[in-house]
Amino acid sequence: LFVGIIFGIDRIQRRRLLTKAKERMKIQNAEHRAEAAELKAKATESERRALETEFQLKKKELDEARELQLSMLPRELPQLPNLDIAVYMKTATEVGGDYYDFHISMNGTLTVVLGDATGHGMKAGTMVTTTKSLFNVLAPNPNIVETFHEMTRCLKLMQMNKLSMCMTMLKITGNKIQMSAAGMPPVFIYKRKSQSIEEHLIEGMPLGTFNDFPYSLVESEIESGDTILLMTDGLPELMNAENEMFGYKQSRNLFEDLAEQAPEEIITKLKDAGSDWVKDIDPDDDVTFVVIKVK
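Residues numbered from 1 in each chain as written. Predicted model: local features only at pLDDT ≥ 70, side-chain atom pairs only at ≥ 80, totals over all residues. Heavy atoms only, no water.

Peer 1: I'd like to hear about the nonpolar core, residue by residue, with values.
Peer 2: The biggest cluster of nonpolar side chains holds 52 residues, and the ones touching the most others in it are Ile-172, Ile-228 and Val-290. In this structure, Val-290 is in contact with Ala-86, Val-87, Tyr-100, Phe-102, Val-112, Leu-114, Ile-228, Leu-229 and Leu-230, ignoring residues within four places of it in sequence. (Core = buried A, V, L, I, M, F, W, Y, C linked by side-chain atoms within 4.5 Å. Buried < 20%, exposed > 50% of the residue type's maximum accessible area, 1.4 Å probe, protein only. Contact = heavy atoms within 4.5 Å.)

Peer 1: I'd like a rundown of the sheet that holds strand E1 (residues 83-90), residues and numbers included.
Peer 2: Here we have 5 strands laid out as an open sheet, ordered E1-E10-E9-E6-E7, and antiparallel in their pairing. The strands lining the two open edges of the sheet, one partner per strand, are E1 and strand E7 (196-200). Direction aside, the axes of adjacent strands within the sheet are offset by 15 degrees on average. (Pairing = 2+ DSSP bridges. Helix = DSSP H or I, 4+ residues; strand = E, 2+ residues; numbered from the N terminus. Axes fitted to C-alpha atoms, helices over the stretch in contact; angles between N-to-C directions.)

Peer 1: Kindly report on the environment of Ala-124, identifying the contributing residues and their values.
Peer 2: With respect to the helices and strands, Ala-124 occurs in helix H2 (residues 121-138). For Ala-124, a relative accessible area of 0% corresponds to the buried category. Separated by 52 residues in sequence, Ala-124 and Lys-176 have C-alpha atoms that sit 33 Å apart.

Peer 1: Pulling in residues and values, what's your account of the pairing of strand E6 (residues 187-191)?
Peer 2: Summarising burial for E6: 5 of the 5 residues are buried, a large majority. Here E6 shows a buried face lined by Val-187, Ile-189 and Lys-191 and a second buried face lined by Phe-188 and Tyr-190. Note: E6 against E7, 5 bridges, orientation antiparallel. Note on E7: the bridge partner recorded for Phe-188 is Glu-199.

Peer 1: An account of helix H4 (residues 248-258) is needed here, citing residue identities and associated values.
Peer 2: Taken together, the buried positions of H4 are Ser-251, Leu-254, Phe-255 and Leu-258. Down the axis of H4, the sector holding all buried residues measures 100 degrees, keeping them to one side. Pointing more than 90 degrees away from the buried face of H4 are the exposed residues Lys-249 and Asp-257. Each element contacted by the buried residues of H4 is listed here: E6, E7, strand E9 (227-231) and helix H5 (263-277). (Arc of directions from axis to C-beta.)

Peer 1: Would you mind going over the sheet that holds strand E4 (residues 165-173) in detail, with residue names and values included?
Peer 2: Hydrogen bonds along the backbone pair up the strands of a sheet, which may run parallel or antiparallel. Across the sheet, 5 strands lie side by side as E2-E3-E4-E5-E8; this open sheet has antiparallel pairing. Edge positions in the open sheet fall to strand E2 (98-104) and strand E8 (218-221), since each of these has one partner strand only. Averaged over all neighbouring strand pairs, the angle between strand axes comes to 15 degrees, with direction disregarded. Here 4 bridges tie strand E5 (residues 176-182) to E8, and the two strands are oriented antiparallel to one another. From the neighbouring strand, Met-179 faces E8, where its bridge partner is Val-218. Against the sheet, helix H3 (residues 144-157) engages E4 and E5, with an angle of about 150 degrees to E4.

Peer 1: Explain the pattern of salt bridges residue by residue, including any values.
Peer 2: With the rule as written, the count across this model stands at 6 salt bridges. Across the salt bridge formed by Arg-153 and Glu-150, the nearest N and O atoms sit 2.6 Å from each other. One end of the pair is Arg-153 and the other is Glu-150, both in helix H3 and 3 residues apart, which spans about a single turn. You can call Arg-153 partly exposed: its relative accessible area is 39%. Between Asp-226 and Lys-191 there is a salt bridge; the shortest N-O distance is 3.3 Å. Remark: Lys-191 occurs in strand E6 and Asp-226 occurs in the loop between E8 and E9; sequence separation between them is 35 residues. (Salt bridge = Lys/Arg side-chain N within 4 Å of Asp/Glu carboxyl O.)

Peer 1: Go over the packing of aromatic side chains, please, and point to the residues and values.
Peer 2: Counted by the stated rule, this structure contains 6 aromatic pairs. Judged by centre distance (5.2 Å) and plane angle (75 degrees), the ring pair of Phe-148 and Tyr-215 falls under edge-to-face. Of this pair, Phe-148 sits in helix H3 while Tyr-215 sits in the loop between E7 and E8, placing them 67 residues apart in sequence. Here Phe-148 matches Tyr-215 in class, with each residue buried. Taken together, a centroid distance of 6.5 Å and an interplanar angle of 25 degrees make the contact between Phe-188 and Phe-255 stacked. Of this pair, Phe-188 sits in strand E6 while Phe-255 sits in helix H4, placing them 67 residues apart in sequence. By relative accessible area, which is 0% here, Phe-255 ends up buried. Feature note: the residues Phe-148, Phe-213 and Tyr-215 constitute an aromatic cluster, connected by ring pairs. (Phe/Tyr/Trp six-rings, centres within 6.5 Å; stacked < 30°, edge-to-face > 60°.)

Peer 1: Run through a nonpolar patch on the surface, naming residues and quoting values.
Peer 2: On the surface, Leu-1, Ile-5 and Ile-9 cluster together into a nonpolar patch covering about 370 Å² of accessible area. Relative to the elements of secondary structure, Leu-1 occurs in the segment before helix H1 (2-71). (Patch = residues over 30% accessible without salt bridge, like charges linked within 9 Å, V, L, I, M, F, W, Y side chains within 5 Å. Areas by Shrake-Rupley, 256 points an atom, 1.4 Å probe, with all protein chains shown as cover.)

Peer 1: With reference to specific residues and values, describe unusual backbone geometry.
Peer 2: Of note, Asn-243 is a non-glycine position whose phi angle comes to about 65 degrees, a positive value. Note that Asn-243 resides in the loop between E9 and H4.

Peer 1: Give me the lowdown on H3, citing residues and values where you can.
Peer 2: In this model H3 runs 20 Å from its N-terminal to its C-terminal C-alpha over 14 residues, within 8% of the 20 Å that 1.5 Å per residue would give. Listing the buried residues of H3 in full gives Ile-144, Val-145, Thr-147, Phe-148, Met-151, Thr-152, Cys-154 and Leu-155. Measuring from the backbone nitrogen of Val-145 back to the side-chain oxygen at the start of H3 gives 3.0 Å, which picks out Asn-143 as the cap. Phi turns positive one or two residues past the end of H3, at Gln-159, with a value near 50 degrees. (Expected span 1.5 Å × (residues − 1). Polar contact = N/O pair within 3.5 Å; in protein donor to acceptor, adjacent residues only side chain to side chain.)

Taken by themselves, the reported measurements are silent on function.
Here is the structure:
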């Protein structure tokens, strides 16, 4: 009996100790969970601050790139007695580096360029700045192909880290027009006499890629009432909510319907069509047009 009593007391004591140990373990686990949650909250806050800092730095870089890009554009459009010119550019959140420029030579030749730099942010802005400088020097050269070769040579010498510039260049002298392109969308020329569109898709590698690339030179004639449309790939490659692209065919057809109107009206309706396509959402790439109408 005595041994049984001792054994019973031992069992009860063991159970009490085990219960207390389990309770202590629960308390410790709860404390550990609380500490882990606190550490996680601190880490999340730290990550949030780091992400916010990174976002602000990126936003500042994009804003500077956009300002640089816009500062390279002409402040005034050429005023010529036989041509009416209008331009439009909507910069994207991610700066794509679109660029347009004009030059009038001593004999009255109008040189027009429309470019689209590869890359984004400050890299694209740097390419636009470089191209602007090269154009200011080389625009008087009457040979477009030579100008392209010289631009490529200079860009390669500067070692722009595989950056390049897609470009369309055309020269208008009287009723004669010469044009060439380096990796750009087609040039559309509306012929009022036949009420039809001339589409000039001129294939060529972007400037800064290959030395002495055999760029093609296309010649045409323009008459009173004819209209020229230059554009980057911003409008044709707009994607809507259904992941459908606006497309080059729709761009051409829309221009053909609008070509009889004034350049400013053409641009307004082109940009409105793009905005409607994406439901007024900011584009992922720059959207740029240059419209030239012969008076």
